[in-house]
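# Topology and contacts: notes
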Amino acid sequence: MDEVPGPVPPTLMEKAYLRVKRDIIELRLPPGHMISEKQVVSASGGSSKTPIREALARLHRDGLVTPVRRRGYLVSEVTFSGVVDLCDMHTLLQGEAAGRTAAYGLPADVLARLRDLGSDEWSGSLDGPRSAEQLRRAVEFEAIIAGGARNRRLAGTAVRVLDEIERVLRMTVPLALTGLDRLHTCRAIVEAIETGDAERSRAAMRSRCEAAARGMLAALALRPAVRAGTPAPGG
């Protein structure tokens, strides 16, 4: 009997990509920060520039960095108009994913995890003492629903948009979206998925995304440079 192959270890390119991407999302590499290939090679523990260049090119395709001739890559700025477009895309993708997930259903263990992620215990404001954990759980909640759509392209695009949303959330906490608002929409989404109500699930997720967008845009609008349409400063 042939042995079942184990998980394929990530390549140097994948390691570098994931490392730099997470540093950008969590603002360790803030908007406007210049990244050199040498820095990425050192951070990833590698010795070859080829996979590093491939990782940076992938981040460029994701819209997280911009190449600067002879200097390296600039972490992409955050602009008000860009966040408006991002929020619209987030609402469209997650709304459709929620509808499809309700129609297809979720395995019992995954549904139980989704229910836990939207529980009363985690309904407080995102600027509280457990903000990092609350944000992680909020992202996981939506990632599960994106994966439940049973469309790899939809899920992949939704998760990439969610990564960008997470970066903006980290820049704009505290949000105008209250814990009660989030708890209400989470419950509605989970209940709709449990009962297979695609339209209700889609509408509840859209409501959640639109409320989050209002909070993020309200926070960004408090910055004079952003109101003028210029990039939002990092940190």
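Described below are features of the structure shown in this document. Just so it is clear, the model here is predicted, and its values are computed rather than measured.

### Topic: the nonpolar core
Counting residues in hydrophobic clusters, the biggest one holds 41 residues, and the most contacted among them are Leu114, Phe141, Ile145 and Ile193. For this core, the secondary-structure elements that each account for two or more residues are α4 (80–104), α5 (108–117), α6 (131–147), α7 (152–172), α8 (179–195) and α9 (198–221). Among residues more than four places away in sequence, those in contact with Ile145 are Gln94, Ala97, Ala98, Thr101, Leu114, Ile189, Ile193 and Met205. Ranked by size, the runner-up nonpolar core spans 17 residues in total, among them Met13, Leu29, Ile35 and Val65.

### Concerning the packing of aromatic side chains
Inspection of the entire model under this criterion finds zero aromatic pairs. Just above the ring of Tyr17 sits the side chain of Arg58; from NZ or CZ to the centre is 3.7 Å.

### Here's the deal with the side chain of Asp62
If you trace the backbone, Asp62 turns up in the loop between α3 (49–61) and β2 (65–68). Within the buried core, Asp62 has no salt-bridge partner, and the shortest N-O distance to an opposite charge, that of Arg160, equals 4.3 Å. Polar side-chain contacts of Asp62 include one of 2.4 Å to the side chain of Tyr17. With residues up to four places along the chain from it excluded, the contact list for Asp62 reads Tyr17, Lys21, Arg160 and Glu164.

### A closer look at α7
Since the α-helix turns once every 3.6 residues, residues separated by three or four places project in the same direction. Taking 1.5 Å per residue as the helical rise, α7 with its 21 residues ought to reach 30 Å, and the 30 Å between its terminal C-alpha atoms agrees with that figure. One side-chain oxygen of the residue at the start of α7 lies 3.1 Å from the amide nitrogen of Arg153, identifying that residue as Asn151.

### Structural notes on the sheet that holds strand β1 (residues 34–35)
Across the sheet, which stays open at both edges, the three strands sit in the order β1-β3-β2 with antiparallel pairing between neighbours. Each of the sheet's edge strands pairs with one partner strand only, and the pair in question is β1 and β2. When β2 meets strand β3 (residues 72–75), the two strands line up antiparallel, connected through four bridges. Its bridge partner being in β3, Pro67 is matched across the sheet by Tyr73.

### Concerning the packing of α6 against α7
For the pair α6 and α7, the least separation of the axes is 9 Å and the interaxial angle reads 165°. One way to sum up the angle between α6 and α7 is to call them roughly antiparallel. In this structure, the crossing between α6 and α7 has a hand that is right-handed. From α6, Leu135, Val139, Glu142, Ala143, Ala146 and Gly147 reach across to α7, where they touch Ala155, Ala158, Val159, Leu162, Glu166, Leu169 and Arg170. Here the contact of α6 with α7 is composed, by residue class, of nine nonpolar, one polar and three charged.

### Considering the state of the cysteines
Overall, the coordinates contain zero disulfides when judged by the stated rule. Here Cys87 stays free of any disulfide, with the sulfur of Cys209 as its closest cysteine sulfur at 8.8 Å. A relative accessible area of 4% means that Cys87 is categorised as buried.

Reading the values: the criteria
- Residues numbered from 1 in each chain as written.
- Predicted model: local features only at pLDDT ≥ 70, side-chain atom pairs only at ≥ 80, totals over all residues.
- Heavy atoms only, no water.
- Core = buried A, V, L, I, M, F, W, Y, C linked by side-chain atoms within 4.5 Å.
- Buried < 20%, exposed > 50% of the residue type's maximum accessible area, 1.4 Å probe, protein only.
- Helix = DSSP H or I, 4+ residues; strand = E, 2+ residues; numbered from the N terminus.
- Contact = heavy atoms within 4.5 Å.
- Phe/Tyr/Trp six-rings, centres within 6.5 Å; stacked < 30°, edge-to-face > 60°.
- Lys NZ or Arg CZ within 6 Å of the ring centre and 35° of its normal.
- Lys, Arg positive; Asp, Glu negative; His and termini not counted.
- Salt bridge = Lys/Arg side-chain N within 4 Å of Asp/Glu carboxyl O.
- Polar contact = N/O pair within 3.5 Å; in protein donor to acceptor, adjacent residues only side chain to side chain.
- Expected span 1.5 Å × (residues − 1).
- Pairing = 2+ DSSP bridges.
- Axes fitted to C-alpha atoms, helices over the stretch in contact; angles between N-to-C directions.
- Parallel < 35°, antiparallel > 145°, perpendicular 65-115°, else oblique.
- Left-handed = near helix turned anticlockwise from the far one by under 90°.
- Nonpolar A, V, L, I, M, F, W, Y, C, P; charged D, E, K, R; others polar.
- Disulfide = S-S within 2.5 Å.

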